[in-house]
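Structural overview
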Amino acid sequence: MVCEDAPQEESDRLGDVPMITHVFHIHQHDWLVKAYINSDDSDADLILGDLWSVGADMDTMREAFRNLREWKVNTGLTYTSPWNRTTIMVVSKTTSAKEFFNSLVHEISHAKTHICEYLGIDLTSEEASYFSGGLARDLFPHVKHLLCEDCRNKITECHCEH
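Notes on the structure in this doc start here.

What counts and how
Residues numbered from 1 in each chain as written. Predicted model: local features only at pLDDT ≥ 70, side-chain atom pairs only at ≥ 80, totals over all residues. Heavy atoms only, no water. Phe/Tyr/Trp six-rings, centres within 6.5 Å; stacked < 30°, edge-to-face > 60°. Helix = DSSP H or I, 4+ residues; strand = E, 2+ residues; numbered from the N terminus. Buried < 20%, exposed > 50% of the residue type's maximum accessible area, 1.4 Å probe, protein only. Salt bridge = Lys/Arg side-chain N within 4 Å of Asp/Glu carboxyl O.

What follows is about the packing of aromatic side chains. The tally for this structure, following the rule as stated, stands at one aromatic pair. Taken together, a centroid distance of 6.5 Å and an interplanar angle of 15° make the contact between Trp31 and Tyr118 stacked. In this pair, Trp31 sits in strand E3 (residues 31-39) while Tyr118 sits in helix H3 (residues 97-119), placing the two residues 87 residues apart along the sequence. Classification of Tyr118 as partly exposed rests on a relative accessible area of 45%.

The structure is reproduced here in structure tokens:
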């Protein structure tokens, strides 16, 4: 997997942590994964535009609109377009490190399931597990501060190892 950081927007909610946009290209399957992490209502137009551009159906668009525009925390959404070989994964802002981890793992699981089903990969296989692990590994350096309550709360003497 090769990943690229995209520009980030500023936000002043939940610890002033901006949305993290990360793009992964899974070369061996020519598949693109776009991750929008720590999103809120100010990120809705960008995410909705991306979903629309890959052909998201109206139910997905309505759910995304509701989650993003109503600024629902502790939620997420994963949409996959097999025709564009693109998966869009969204994790909203969360109320705690525990909730963030839960939402992230949940959406990574959906991404893995979507990709593997479209590629005909057995979901119980080792190869399928590598998808989850690869996404988590590549996202970790960009989201680790959201996994630490001290960092999330901007405690000056955080002792976590990042």
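Now for the pattern of salt bridges. For the coordinates displayed, the defined rule picks out five salt bridges. Salt-bridge contacts for Lys34 lead to Asp50; the nearest nitrogen and oxygen are separated by 3.1 Å. Here Lys34 is found in strand E3, whereas its partner Asp50 is found in helix H1 (residues 44-53), with 16 residues between them in sequence. Assigned by exposure class, Lys34 and Asp50 land together as buried. The shortest N-O distance in the salt bridge between Asp59 and Arg62 comes to 2.9 Å. Highlighted residues: Asp59 and Arg62, both in helix H2 (residues 58-69), separated by three residues, approximately one helical turn. The exposed category is assigned to Asp59, whose relative accessible area is 54%.

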